[in-house]
Amino acid sequence: MSNVDPAELQKFSELAHRWWDPNSEFKPLHEINPLRLDWIASLAGGLAGKRVVDIGCGGGILAESIARAGATTVGIDLARKPLKIARLHSLESGISVDYREISAEELAAAEPASFDVVTCMEMLEHVPSPAAVVEACARLVKPGGKVFFSTLNRNPKSYLFAIVGAEYLLRLLPAGTHEYQRFIKPSELTGYARAAGLDVIASIGLHYNPLSRVYSLGKSLDVNYLLACTRP
């Protein structure tokens, strides 16, 4: 339980009631979710029939879409209010997700090597020790299984786009959502993954066009990016 920042939990808990409003502060999550889901499914060889855990699931946008794709899905988070919203939405939608208030490290100790796919999206930059979360993800996945991360690169361009642009100019996210010093370079995340015994198999960038207001996936990892790994 030491790998927690109470201020980060509070930040997202205060907005929990707006999680499933597609025009709220969480609009970007709704818009990028299909892109992320398709990329994950393509590299995982499909999700139907697989057991998946979404680390830092928040209000359940990704977790519920994974379950809708046919996976037996567990969503975990330490923020109680977003989890409550996730459970309520699951009841409304009829999409079954096993939501639990537990850390990745605790779940890894209880259920090692028990998931075909592990996802950890936009969460690593909000914890004191991202390497510990990566290690927990590596312990949770079965040999031959896949682990997916998404986070923000740390460089002047990402500061300009993800904080100045997204939070203050375009108002895509609430001001203060991210702290630049917590951003993670791809080389650092790759190092965490390899130290945890994972092989990196793919990476891709997430881009936003402010003119067309459309998100897309592309080669550049300069700002937002996703990393796919496998456990040998």
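Rules of the game
Residues numbered from 1 in each chain as written. Predicted model: local features only at pLDDT ≥ 70, side-chain atom pairs only at ≥ 80, totals over all residues. Heavy atoms only, no water. Helix = DSSP H or I, 4+ residues; strand = E, 2+ residues; numbered from the N terminus. Rg over C-alpha atoms; globule rule 2.2 N^0.38 Å. Areas by Shrake-Rupley, 256 points an atom, 1.4 Å probe, with all protein chains shown as cover. 1 Å grid on protein atoms, 1.4 Å probe; cavity = no way out; pocket = protein on both sides within 12 Å on 5 of 7 lines; lining within 4 Å. Points joined across faces, edges and corners; volume = space filled by probe spheres on them. Nonpolar A, V, L, I, M, F, W, Y, C, P; charged D, E, K, R; others polar. Contact = heavy atoms within 4.5 Å. Pairing = 2+ DSSP bridges. Axes fitted to C-alpha atoms, helices over the stretch in contact; angles between N-to-C directions. Patch = residues over 30% accessible without salt bridge, like charges linked within 9 Å, V, L, I, M, F, W, Y side chains within 5 Å. Salt bridge = Lys/Arg side-chain N within 4 Å of Asp/Glu carboxyl O. Buried < 20%, exposed > 50% of the residue type's maximum accessible area, 1.4 Å probe, protein only. Phe/Tyr/Trp six-rings, centres within 6.5 Å; stacked < 30°, edge-to-face > 60°. Lys NZ or Arg CZ within 6 Å of the ring centre and 35° of its normal.

Visitor: Can you help me understand the overall build of the protein in this one?
Guide: Of regular secondary structure, the protein possesses eight helices and eight strands. Taking 2.2 N^0.38 as the reference for a compact globule, 232 residues should give roughly 17 Å; the C-alpha atoms of the protein span a radius of gyration of 16 Å, in line with that estimate. Across its three principal axes, the protein shows a C-alpha extent of roughly 45 × 40 × 35 Å. Looking at the protein as shown, the accessible area adds up to about 10,400 Å², and 55% of this sits on carbon and sulfur atoms.

Visitor: Would you mind going over the layout of surface pockets with me for this structure?
Guide: If a probe as big as a water molecule is rolled over the atoms, it shows which places are left empty. Roughly 170 Å³ of internal volume is contained in the second largest pocket. In terms of lining residues, the second largest pocket is bounded by Ser24, Glu25, Lys27, Pro28, Glu31, Arg171, Leu172, Leu173, Pro174, Tyr208, Arg213 and Tyr215. Take the lining of the second largest pocket: its biggest share by element is three residues, from helix α2 (residues 27-44). Considering only residue class, the lining of the second largest pocket consists of six nonpolar, one polar and five charged.

Visitor: Could you clarify how one ought to interpret the environment of Asn224 in this entry?
Guide: Structurally, Asn224 can be placed in strand β8 (residues 224-230). Once residues within four sequence positions are removed from consideration, Asn224 is found in contact with Glu122, Thr151, Leu152, Gly205 and Leu206.

Visitor: Hey, could you run me through empty space enclosed by the protein in this one?
Guide: All chains considered together, the criterion is met by one cavity of 30 Å³ or more. The computed volume of the largest cavity comes to approximately 30 Å³.

Visitor: Whenever I open this one, the sheet that holds strand β7 (residues 214-218) confuses me. Can you help?
Guide: Strands in a sheet are paired, the pairing made by backbone hydrogen bonds, and the direction either parallel or antiparallel. Spatial strand order, β3-β2-β1-β4-β5-β8-β6-β7: eight strands in an open sheet with mixed pairing. Of all strands in the sheet, those bounded by a partner on one side alone are β3 (98-101) and β7. Neighbour-to-neighbour, the strand axes of the sheet open up by a mean angle of 20 degrees, direction not taken into account. Strands in contact with helix α8 (residues 186-195) are β5 (141-152), β6 (199-209) and β8; relative to β8, the strand with the most contacts, it is inclined by about 20 degrees.

Visitor: How should I be thinking about a nonpolar patch on the surface in this particular structure?
Guide: Residues Tyr168, Leu169 and Leu170 make up a contiguous nonpolar surface patch of about 330 Å² in total accessible area. Here Tyr168 is to be found in helix α7 (residues 156-169). On the basis of relative accessible area, Tyr168 is assigned to the partly exposed category, the value being 45%.

Visitor: How should I be thinking about helix α3 (residues 61-68) in this particular structure?
Guide: Two residues of an α-helix separated by three or four positions point the same way, owing to the 3.6 residues in each turn. Of all eight residues that make up α3, seven are buried, and the element is covered over most of its length. Residues Ile61, Leu62, Ala63, Glu64, Ser65, Ile66 and Ala67 constitute the buried set of α3. In this fold, the buried residues of α3 make contact with α2, β1 (51-55), β2 (72-77), α4 (80-93), β3 and β4 (115-121). Of the residues trailing α3, Gly70 is marked for its positive phi of about 105 degrees.

Visitor: Just to check I follow, could you spell out unusual backbone geometry for this structure?
Guide: Negative phi is the rule for most residues except glycine; trans is the rule for most peptide bonds. Positive phi outside glycine occurs at Arg171, with the angle close to 55 degrees. Within the secondary structure layout, Arg171 lies in the loop between α7 and α8.

Visitor: Please clarify how the packing of aromatic side chains should be interpreted in this entry.
Guide: Any pair of aromatic rings gets described here by the distance separating the centres and the angle formed by the planes. For the structure shown, the criterion picks out six aromatic pairs. For the ring pair Trp19 and Phe26, a centre distance of 4.1 Å and an interplane angle of 20 degrees mean the geometry is stacked. No difference in accessibility class separates Trp19 from Phe26, as the two residues are buried. Plain terms: the ring middles of Tyr159 and Tyr180 are 5.5 Å apart, the flat faces sit at 85 degrees to each other, and that makes the pair edge-to-face. Of this pair, Tyr159 sits in helix α7 while Tyr180 sits in the loop between α7 and α8; the two residues are 21 residues apart in sequence, bridging distant segments of the chain. The exposure class assigned to Tyr159 is partly exposed, which follows from its relative accessible area of 40%. Taken together, the ring pairs connect Phe12, Trp19 and Phe26 into an aromatic cluster. If you follow Lys157 out to its NZ or CZ, it ends over the ring of Phe161, 5.5 Å from the centre.

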